[in-house]
Amino acid sequence: SSNFSSVQSDYNTIFKPIERTSEPGEEFFVYDQYGRKLKFRVFEAISIDEADVATAYKNYEAEDRRVVTLQGSILERINGRLEPTKRWLTRGELVAE
C-alpha cells in the first residue's frame, strides 16, 4: 500500500483513508483483471503489529470464503523518522449478486 517513507510516490498513502475508519458492514468495490466490478462487505477492520504476518496473510480457502484484505502501514516517528510499527487490515468478503 505504500513505499518506504524515504520514497515519494502516488502510492505512499493510497489506503490511508481506510485506517481506523473502515467498519464491519461497509461495502467497497474491486475490479478484477477482466474488468468485472466485484463487491465486498467488510467483516473485519483491525490494527495489528507489523511483525504479525500470520494474521496479515490469513488464508480463508479452507473456509470456502472469497476474501480480500486491504492493508496499510501505521507509521510512528522513531528517532526522527516515520517507521511502520503496525498494520491496518480491512477485510471484506465477496458479496454474491
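In case you missed it, the structure is sitting above this.
Residues numbered from 1 in each chain as written. Predicted model: local features only at pLDDT ≥ 70, side-chain atom pairs only at ≥ 80, totals over all residues. Heavy atoms only, no water.

Engineer: Sorry, what's going on with the pattern of salt bridges here?
Structural biologist: Any two side chains of opposite charge can pair, on the condition that their charged atoms come close. The final tally for this structure, using the stated rule, is eight salt bridges. Linking Arg 41 and Glu 27 is a salt bridge whose minimum nitrogen-to-oxygen distance equals 2.6 Å. On the criterion of sequence distance, the pair formed by Arg 41 in strand β2 (residues 37–49) and Glu 27 in strand β1 (residues 27–31) is long-range, its members being 14 residues apart. The shortest N-O distance in the salt bridge between Glu 63 and Arg 65 comes to 3.3 Å. (Salt bridge = Lys/Arg side-chain N within 4 Å of Asp/Glu carboxyl O. Helix = DSSP H or I, 4+ residues; strand = E, 2+ residues; numbered from the N terminus.)

Engineer: What am I meant to see in the pairing of strand β3 (residues 67–78) here?
Structural biologist: Consecutive side chains along a regular strand alternate between the two faces of the sheet. Of the pairings in the sheet, the one linking β3 to strand β4 (residues 81–94) comprises 12 bridges and is antiparallel in character. Note on β4: the bridge partner recorded for Leu 70 is Thr 90. In sequence, β3 turns back onto β4 through a hairpin of two residues, with Asn 79 there showing a positive phi of about 50°. (Pairing = 2+ DSSP bridges.)

Engineer: Looking at this model, I keep getting lost on unusual backbone geometry. Mind explaining?
Structural biologist: If a residue is not glycine, its phi is most likely negative; likewise, a peptide bond is most likely trans. Not every positive phi belongs to a glycine, and Asp 64 is a case in point at roughly 55°. With respect to the secondary-structure elements, Asp 64 resides in the loop between α1 (53–56) and β3. Positioned with a positive phi, Asn 79 is a non-glycine residue whose angle comes to about 50°. For Asn 79, a relative accessible area of 79% gives the class exposed. (Buried < 20%, exposed > 50% of the residue type's maximum accessible area, 1.4 Å probe, protein only.)

Engineer: Whenever I open this one, the nonpolar core confuses me. Can you help?
Structural biologist: Taken as a class, soluble globular proteins show a tendency for nonpolar side chains to be buried jointly. Phe 28, Phe 40, Val 42, Val 68 and Leu 70 form the largest nonpolar core, which has five residues in total. Those elements giving two or more residues to this core turn out to be β2 and β3. (Core = buried A, V, L, I, M, F, W, Y, C linked by side-chain atoms within 4.5 Å.)

Interpretation note: all reported values are geometric properties and have no functional meaning in isolation.
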